[in-house]
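# Per-entry structural report
Here's the letter readout for the chains.
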Amino acid sequence: MKKADRVRWWTYLLLGAATLACVFPLYWMFVVATTDTATATELPPEILPGGNFFHLAGLVFSTVPFVRSIVNSLVVAGSIGLGHALLCSLAGFAFAKLRFPGRNALFLVVVLTMTVPTQLAVIPQYMIISSLGWVDTLQALIVPGLASAFGIFWMRQHLATTISDEILQAARIDGAGTWQIFWRIAFPLVRPAAFVLGLLGFVTAWNDFLWPFIVLKSPEMYTAQIAIKALQNSYTIDLGLAMSGSFLATLPLIVLFVFVGRRMVAGIMDGAFKG
Amino acid sequence: MTTTLSPPRVVPEATTRVRQSLAERVAPYAYIAPFFVLFAIFGLVPLLFTFYVALFDWNPIGEHVFIGFDNFTRLFGDARFWNAAWNTISIWLLSTVPQLLVALVLAHLLNHARLRLAVFFRMSMLVPYITSVAATTIVFAQLFDRDYGLLNWLLGFVGVGPIDFLQSVWGSHTMIAVMVTWRWFGYTTLLYLASLQAVPRTIYEAAAVDGAGAWKQFRHISVPSLRPVIVFTIVTSTIGGLQIFTEPLLVSNAAPLTCGPVRQCQTLTLFLYEQGFGQFQFGYGAAIGVALFVLIIAVATLNYVLSTRIRPERG
């Protein structure tokens with residue numbers, strides 16, 4: 001082995017420090033979520049989890065309709081994840097594999113929309129949702145997020161590189177229509193990429209704050225993130241309660257991450273610029 | 001498909017190019033339509049409408065009175081606006097610069113061919129990304145607390161008195177910037193790493209043989225080859241970072257809409273929210289949106305121009 005090719009000890013030191021920095025706040029969330037307020041505000045701080053978790057968790061459930069908010073989040077994030085996987089695959093398929101007038105120009109428009117800062121238009125967005133009669137409903141959160149320019153760009157890349165034109169042309173000669181070609185041949189072949197895209201859509205929707213905060217009014221419509229905020233409001237002093245809520249609202253994603261984290265990492269790296 | 005090795009199957013041109021039915025011809029447009037419809041209704045129209053509403057004294061339940069550019073005249077004379085604009089830029093700079101630098105270094109380290117535990121390190125980098133802003137903010141606000149925070153307790157050992165992060169301008173900006181950096185540096189690292197892995201290993205090996213150490217390899221190989229993705233992350237972090245909202249809203253419980261009693265960390269989006277949904281001044285809020293739009297476009301363009309100047313170093 002060449003000397004210069006060794007991994008130096010400080011590489012592990014730096015990466016270890018970065019890992020600790022990434023994981024510690026979550027651990028700390030759990031620690032405070034399991035102690036009572038008196039212990040949480042002690043110095044030196046208690047750095048091991050206490051036994052108060054179930055008490056605080058119970059308090060979370062009785063203070064806000066937390067079960068309902070988790071269900072709401074699942075419905076919203078699940079729909080958006082599914083919408084991304086399907087609608088972006090379909091559009092990506094059209095851009096990657098179908099020939100039609102205006103294709104390149106329209107794809108350029110899709111890419112350009114990625115740079116449009118639309119979040120600052122929340123006032124008219126709210127007015128539109130309001131005129132649709134969607135204020136305080138979950139579809140106000142779901143429908144605008146069903147597809148994204150990023151998702152279309154991502155699926156187009158995968159469809160263009162994974163699927164050969166020969167397969168599609170053979171299917172067409174055998175009499176398959178465009179829809180059948182998409183649904184029976186193209187989509188099954190890019191299902192892993194669509195799955196990762198759906199996951200990314202799910203995570204983003206699950207963690208979204210500003211838009212649900214504006215659109216949702218009644219506690220039973222809250223998503224998990226808004227419920228956390230409500231917990232923080234009602235008991236400003238009770239850190240343990242706010243932390244338990246945060247921890248419970250993060251738990252589904254932690255579980256998801258344990259199972260599919262590897263694929264998410266691979267997916268993000270797959271979608272990045274190469275060279 | 002004409003140069004196939006399988007037994008030649010002569011397909012007359014007439015059958016491959018059958019006249020497509022109308023349904024087949026509109027199919028591509030139908031497949032891309034959902035995105036365009038959604039973007040138009042919930043993205044583009046609201047954005048254009050923002051410019052329109054900004055010209056009115058627009059109360060959601062009262063009258064809409066056309067007042068021309070009065071909202072903007074008022075905005076530019078409003079000290080709260082300049083304060084929010086400054087806060088936004090300050091927090092954005094404090095969060096973006098360290099984030100991208102840390103990501104560059106970590107991606108370079110993670111790219112080492114003989115690194116052990118590579119999957120473990122990569123996965124832990126993504127933990128902050130799956131944690132919501134709301135949860136992150138609550139944890140960091142506690143860690144940075146003046147009286148009970150872990151950070152001030154640790155600072156006490158090196159003789160630094162308890163810092164009231166939330167109440168001071170630079171303290172609250174730093175605290176918010178740390179949250180943003182924490183959430184995004186791992187994601188950015190993975191984007192950089194993906195790009196680095198496309199760089200042929202032989203280039204690093206040749207450099208190592210020529211006696212280039214880690215720092216030289218980082219500076220002369222990694223950074224220049226990451227140019228496109230660096231430009232991309234700078235532009236996206238400008239667009240996202242200048243619209244920051246949730247962190248400043250949630251750090252200050254006492255006065256959330258202003259991010260503290262003296263607006264020490266109120267950002268433009270928070271100011272927009274305060275005026276629009278707190279005071280029901282939709283017109284004035286929309287004018288803030290327009291100003292924010294102009295700021296984002298200006299900073300993103302400037303960044304783009306500056307960052308395309310990263311050139312491969314010779315030496």
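Residues numbered from 1 in each chain as written. Chains lettered and ligands numbered in written order. Predicted model: local features only at pLDDT ≥ 70, side-chain atom pairs only at ≥ 80, totals over all residues. Heavy atoms only, no water.

## Concerning the UniProt feature "domain: ABC transmembrane type-1" (unreviewed entry) in chain B
Residues given the UniProt feature "domain: ABC transmembrane type-1" (unreviewed entry) here are residues 85–303 of chain B. Between the C-alpha atoms that bound residues 85–303 of chain B there is a distance of 18 Å. The span itself is 73% helix and 0% strand. (UniProt positions renumbered as here; feature names shortened; annotations may be inferred. Helix = DSSP H or I, 4+ residues; strand = E, 2+ residues; numbered from the N terminus.)

## What to know about the state of the cysteines
Linking two cysteines covalently via their sulfur atoms produces the bond known as a disulfide. Residues and elements named next belong to chain B. This model, assessed by the stated rule, comprises one disulfide over all chains. Covalent S-S linkage joins Cys259 and Cys265, the inter-sulfur distance amounting to 1.8 Å. With the S-S bond torsion at -80°, the cross-link from Cys259 to Cys265 turns out left-handed. Residue class for Cys259 comes out buried when judged on its relative accessible area of 0%. (Disulfide = S-S within 2.5 Å. Buried < 20%, exposed > 50% of the residue type's maximum accessible area, 1.4 Å probe, protein only.)

## A word on the UniProt feature "transmembrane region" (unreviewed entry) in chain A
Residue and element names in this part refer to chain A. Using the residue numbers shown here, the UniProt feature "transmembrane region" (unreviewed entry) corresponds to residues 12–30, 70–93, 105–126, 138–155, 193–214 and 239–260. Between the end C-alpha atoms of residues 193–214 the distance is 32 Å, and the span holds 91% helix and 0% strand. Strand forms 0% of residues 239–260 and helix 100%; the C-alpha atoms that close the span are 31 Å apart.

## Notes on the interface of chain A and chain B
With 105 residues of chain A at the interface, the matching set in chain B holds 96 residues. Each partner contributes to the roughly 9100 Å² buried at the junction of chain A and chain B, and carbon and sulfur atoms together form 78% of this total. Across the contact surface, chain A and chain B share one salt bridge. For Arg172 of chain A, the salt bridge goes to Glu24 of chain B, with nearest N and O atoms at 3.5 Å. Linking chain A to chain B there are 13 residue pairs in polar contact (both at pLDDT 80 or more). If you tally residues by element for the side of chain A that touches chain B, the top one is helix α1 (residues 9–33) of chain A, at 17 residues. The residue makeup of the side of chain A that touches chain B, split by class, is 73 nonpolar, 23 polar and nine charged. (Contact = heavy atoms within 4.5 Å. Buried area = accessible area lost by both parts, 1.4 Å probe. Salt bridge = Lys/Arg side-chain N within 4 Å of Asp/Glu carboxyl O. Polar contact = N/O pair within 3.5 Å; in protein donor to acceptor, adjacent residues only side chain to side chain. Nonpolar A, V, L, I, M, F, W, Y, C, P; charged D, E, K, R; others polar.)

## Quick look at the packing of aromatic side chains
In the structure shown here, the tally under the stated rule is 53 aromatic pairs over all chains. Arranged with centres 4.9 Å apart and planes meeting at 70°, the rings of Phe81 of chain B and Trp82 of chain B form a pair that is edge-to-face. The class of Phe81 of chain B is buried, set by a relative accessible area of 5%. A relative accessible area of 47% places Trp82 of chain B in the partly exposed class. Both rings, one in Trp184 of chain B and one in Tyr187 of chain B, keep their centres 5.7 Å apart while their planes meet at 90°; by these two values the pair is edge-to-face. Separated by three residues within a single helix, Trp184 of chain B and Tyr187 of chain B lie in helix α9 (residues 169–196), roughly one turn from each other. For Tyr187 of chain B, a relative accessible area of 17% gives the class buried. Just above the ring of Phe107 of chain A sits the side chain of Arg156 of chain A; from NZ or CZ to the centre is 4.5 Å. The lysine or arginine in question, Arg74 of chain B, covers the ring of Tyr284 of chain B, its NZ or CZ lying 3.6 Å from the ring centre. (Phe/Tyr/Trp six-rings, centres within 6.5 Å; stacked < 30°, edge-to-face > 60°. Lys NZ or Arg CZ within 6 Å of the ring centre and 35° of its normal.)

## Topic: the UniProt feature "transmembrane region" (unreviewed entry) in chain B
All names here are of chain B. Here the UniProt feature "transmembrane region" (unreviewed entry) sits at residues 29–55, 84–107, 119–144, 150–170, 226–245 and 282–306. From the first C-alpha to the last, residues 119–144 spans 31 Å; its make-up is 85% helix and 0% strand. Annotated as residues 226–245, this span is 75% helix and 0% strand, and its ends, taken at the C-alpha atoms, are 30 Å apart.

## Some words on the packing of helix α9 (residues 165–173) of chain A against helix α10 (residues 178–189) of chain A
Residue and element names in this part refer to chain A. Where α9 contacts α10, the axes come no closer than 10 Å and their chain directions differ by 130°. If you check the angle between α9 and α10, you find them oblique. The handedness of the crossing between α9 and α10 is right-handed. Of the residues in α10, those touching α9 at Ile167, Leu168, Ala171 and Arg172 are Thr178, Ile181 and Ile185. Residues of the contact of α9 with α10, tallied by class, amount to five nonpolar, one polar and one charged. (Axes fitted to C-alpha atoms, helices over the stretch in contact; angles between N-to-C directions. Parallel < 35°, antiparallel > 145°, perpendicular 65-115°, else oblique. Left-handed = near helix turned anticlockwise from the far one by under 90°.)

## Here's the deal with the side chain of Asn152 of chain B
All names here are of chain B. Of note, Asn152 is situated in helix α8 (residues 150–157). On the basis of relative accessibility, which here comes to 7%, the residue Asn152 falls in the buried class. The residues touching Asn152, leaving out its near neighbours within four places in the chain, are Phe144, Asp145, Arg146, Gly161, Pro162, Ile163 and Phe165.

## Things to note about the nonpolar core
In terms of nonpolar packing, the biggest core is built from 196 residues, with Phe93, Met155, Ile214 and Met264 of chain A together with Leu126, Tyr129 and Tyr192 of chain B touching the most fellow members. Element by element, the count of residues in this core is highest for helix α14 (residues 239–271) of chain A, at 14 residues. Setting aside chain neighbours within four positions, we find Met155 of chain A in contact with Cys88, Ser89, Gly92, Val190, Ala193, Ala194 and Leu197 of chain A. (Core = buried A, V, L, I, M, F, W, Y, C linked by side-chain atoms within 4.5 Å.)

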